[in-house]
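Spelled out, the chains give:
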Amino acid sequence: MKKATLGIISLFTVIVSFSQSLTQTIKGQLTDEQSGAPIIGATVQVLELTPPKGAITDINGYYRIENVPIGRQTLGVSYLGYEPITIPNILVGSGKEVVVDAKLIESLQQLEEVVVRASDQNKGQPKNELATISAISLGMDEISRFPATFNDPARAALMFAGVQTGGDDLLNEIVIRGNSPKGILWRMEGVEIPNPNHFTSIGSSAGGISMLSNNMLANSDFFTGAFPAQYGNATSGIFDLQLRQGNFEKHEHTAQVGLLGVAAASEGPIVEGSRASYLVNYRYSTLAMLTELGLDLLGEQEEITFQDLSFKIKVPTKKLGSFSFWGLGGKNTYQFLPDRSNGEWENESEEQKLGVAGVTNVVYLSDDSYFETILSGSFSQITNRYDSLEIITYDEEDFVESQIRFSTYFNHKFSPRHTLRIGSIVSRLSYDLSNVYWDRTSQDYITPLDENDHAGFYQGFANWQFRTSDQFTLNTGLHLSHFALNGKSYLEPRMGFKWDRDSYTISGGVGFHSRMETVALYTARQYTGDGDFVQNNKDLGFTQAFHSALGFEKMLKPKLRLKAEIYYQYLFNVPVWPNDTTSDYRLLTFSAVNTFDGYTPDELANDGTGKNFGVELTLEKFLSKGFYMLSTASLYKSLYTGSDGVERSTQFDGGYIYNFLAGKEYKVGRNGNNSININGKFIFAGGKRQAPIDIAESNSEGHTVYRYEDNYELQLDGYFRMDLGISYRKNRERTTSVISLDIQNVTQRENEFFRYYNVGARRIESDSQLSFFPNLSYRLEF
């Protein structure tokens, strides 16, 4: 492997050609962090350039700096009466203009303008100004540097403290602070959306391939706990995704080809001089294209296809504010055809569709007040069929869900000290769900799910920000949820603070949160002996959680930051098996905190509890002189109590997580216009848990028998994975090209997925996760 790596680096070096000095334009908009109003007359300059280059923002807060040398640059931003900021490590390439938007916060001490000096202290701070702790901004440049993320925000999140895989490397499923992946909320452009992943399942938050594209995403926020009041329907984590605006002055394009798809993106002005723009991206499965050309890499038994489309159109107006029309859509299929010559008879087919579209309007009533209103609609369908070549359908599912959401909030900045945000979300949740399976005992078909109806979900929130000084900020708020299907309501107070001292920062947050189960769980049917049915879980409540976290942050050196967080989470009203209906330990130890997806027609009760607590450390060396490093460590416990009243480890109680990421950029070419980038990471974490195996009973019964009375006492082997990424970036006049190779699990370690008993061999064996996955891609910007 070492020789192969050196060979690739040598190949990249050989193809480097001499280049002339190249430049590009940096532009963007500056706004007030609390009111959103444009800042007029602010100074924006490229630091450490001789002679200096800079610009002054216009009446709409826009700036433009031309002829900036390509490579890594740092912007300094200042304005009288506002706290100055720096934005380091902006990657400037010759293919596309660079858009850098920024928010400034008004100083409580009206001092003279301050000289800006380079600083990385605010790097990674969330875009949402109401977030104080357990939140980080996902930069698209960073995601592209992280090896084996495949430009997927969920896979990139694995590098942050407290986050680990869900136990299957084939999926982008993540576990945050020991919580079930089901508790993750996906948002786009300020509103909740369905799971934006290909090859998913009902109730899941993950999938095999993300529908999201780095060609579309702007810097977005990722939360791991103690969420601000405007967020609801989440107990584990939140991805708050933002789509970037297309270039409103110049037409630009991107083409990309790799193992995970062939993609094309385009952006530019709709009408010259209007600042209206479009941005669109389309991707189609590479494997499907090769199959159509007669090259079947998966063999004759499996067929996989996927495609996705995303877009954003922004249209500013003079009197009605700005309008954004945006959307995301995707479709994927999977087919497994049995080989009769080998005695196979099982046939499996899957098809999934997703569509989300919305319009966002932001209108300013004054320099201190604005309304943001969003109307969105979404559609998702998951169809699965499992049958035999004897024309017997054993299981058939067709889950169709659609949502119409109206979201609006009012934001008013009373003064630099006080800001109020208040809003509501009205959702109409429609569903057409069916599931039919063949029952071998009764030799008849059973229909546990056959529902076509709708329900309302209503949310309201209020958040007040109080800045006692430039150093101390307090955020308090309330979130209210009401589920019309069963009439249950949840009032959730929340609070967060941030205290910036001269040499360190202390932050914290507390609050209550809740999460709805999949609609299929509330509407599933259980049939009685007379042929009638009951819906056992229609009145089931939401899982609820109390989050608390305390953080400490300190710059050890100008480019070296230490962060620490301790947290405690208490989960209650967790769905478990009713304790008076069974003596089966498999059921008595069941809890929704240990599930990934799916539903059940069996009766559940909100009698379960759980707790997660731990400490997280992050040491980050910011990119300088071409080198960066990120090291995170987490020690934690994740416990739950089922209907038997016994406290146990959850399935996700690994105990520890350690991540290490580092990378180096080498400037090459006559003027250093090009670069070779080498990035590596490794993940070391405690294994998942499962029930121990009863060997004697397994031999007697002829199949694996688990000791559920000791559920989750068995911990699988520790998880270890090393990923590698190598890329070569070449800038030419008006184009930038990148060829990259990402390898997931470069050592080909077979991490345990689960254990079972092989009766024939009379021994315990393990199934393994995905052992090795390479992705070679080429990208061209012009």
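If you're wondering where the values come from, they're calculated on a predicted model, not measured in any experiment.

### Quick look at the packing of aromatic side chains
Geometrically, a pair of aromatic rings is defined through the distance of the ring centres and the angle of the planes.
Phase 1: Per the counting criterion, the structure on display carries 39 aromatic pairs.
Phase 2: Aromatic pair W464 and F466: ring centres 5.5 Å apart, planes at 5 degrees, arrangement stacked.

### Some remarks on unusual backbone geometry
Phase 1: For the peptide bond that leads from T50 to P51, omega is -5 degrees, which places it in the cis range.
Phase 2: A positive phi angle, close to 60 degrees, is found at N233, a residue other than glycine.
Phase 3: Here N233 falls in the buried class, since its relative accessible area comes to 6%.
Phase 4: The backbone of R275 shows a phi angle near 65 degrees, a positive value even though the residue is not glycine.
Phase 5: Checked against the element boundaries, R275 lands in the loop between β19 (261-269) and β20 (277-284).

### Overview of the pairing of β20
Phase 1: The pairing of β19 with β20 spans 8 bridges and is classified as antiparallel. Within the sheet, the bridge partner assigned to G268 lies in β20 and is Y278.
Phase 2: For β20 and strand β21 (residues 302-316), the ladder comprises 8 bridges, and the chain directions are antiparallel. Within β21, the position partnered with S277 by the bridge is K314.

### Examining the sheet that holds strand β2 (residues 43-46)
Across a sheet, strands are paired by hydrogen bonds formed along the backbone, either parallel or antiparallel in direction.
Phase 1: Strand order across the open sheet formed by 4 strands is β3-β2-β5-β6, with antiparallel pairing between neighbours. If you trace the sheet from one side to the other, it starts and ends with β3 (53-56) and β6 (85-92), each paired once. Between one strand axis and the next, the sheet turns through 20 degrees on average, direction left out of account.
Phase 2: Across 6 bridges, the pairing between strand β5 (residues 71-78) and β6 is antiparallel. Among the inter-strand pairings, G76 is bridged to a residue of β6, identified as T86.

### With respect to the pattern of salt bridges
Phase 1: As enumerated under the stated definition, the model contains 45 salt bridges in all.
Phase 2: Here the residues in one salt-bridge network are K27, R64, E66, E97 and E249, joined through shared partners.

### Examining the pairing of strand β17 (residues 237-241)
Phase 1: Burial runs high along β17: 5 of the 5 residues are buried.
Phase 2: Across the two faces of β17 the burial is the same, with G237, F239 and L241 and I238 and D240 all buried.
Phase 3: Judged from the 5 bridges that link them, strand β12 (residues 184-188) and β17 form a sheet pairing that is parallel. Across the sheet, the residue bridging to L185 is I238, located in β17.
Phase 4: Bridge analysis of strand β16 (residues 220-223) against β17 gives 3 bridges, and the strand direction is antiparallel. If you follow F223 over to β17, its bridge partner there is I238.

### What about the environment of S638?
Phase 1: For S638, the location among the structural elements is in strand β36 (residues 627-641).
Phase 2: Each C-alpha atom, one on S638 and one on L171, is 22 Å from the other, the two residues being 467 residues apart in sequence.
Phase 3: Polar side-chain contacts of S638 include one of 2.8 Å to the side chain of N612.

### So, the confidence of the model for the protein
Phase 1: In this model, the protein carries an average pLDDT of 91, and 94% of its residues clear a pLDDT of 70 or more.
Phase 2: Segment residues 1-6: pLDDT under 50, and 3 contacts once partners within four positions in sequence are set aside and those in other chains are kept.
Phase 3: Scored below 50 in pLDDT, residues 8-19 makes 26 contacts in the model with residues more than four places away or belonging to other chains.

### A closer look at the side chain of R494
Phase 1: In this fold, R494 is placed in strand β29 (residues 488-500).
Phase 2: Given a relative accessible area of 7%, R494 falls into the buried group.
Phase 3: From its side chain, R494 meets the backbone oxygen of P228 in a polar contact 2.8 Å long.
Phase 4: A polar contact of 2.5 Å, which involves the side chain of R494, links it to the backbone oxygen of Y231.

The rules behind each value
- Residues numbered from 1 in each chain as written.
- Predicted model: local features only at pLDDT ≥ 70, side-chain atom pairs only at ≥ 80, totals over all residues.
- Heavy atoms only, no water.
- Phe/Tyr/Trp six-rings, centres within 6.5 Å; stacked < 30°, edge-to-face > 60°.
- Buried < 20%, exposed > 50% of the residue type's maximum accessible area, 1.4 Å probe, protein only.
- Helix = DSSP H or I, 4+ residues; strand = E, 2+ residues; numbered from the N terminus.
- Pairing = 2+ DSSP bridges.
- Axes fitted to C-alpha atoms, helices over the stretch in contact; angles between N-to-C directions.
- Salt bridge = Lys/Arg side-chain N within 4 Å of Asp/Glu carboxyl O.
- Polar contact = N/O pair within 3.5 Å; in protein donor to acceptor, adjacent residues only side chain to side chain.
- pLDDT = per-residue confidence, 0-100.
- Contact = heavy atoms within 4.5 Å.

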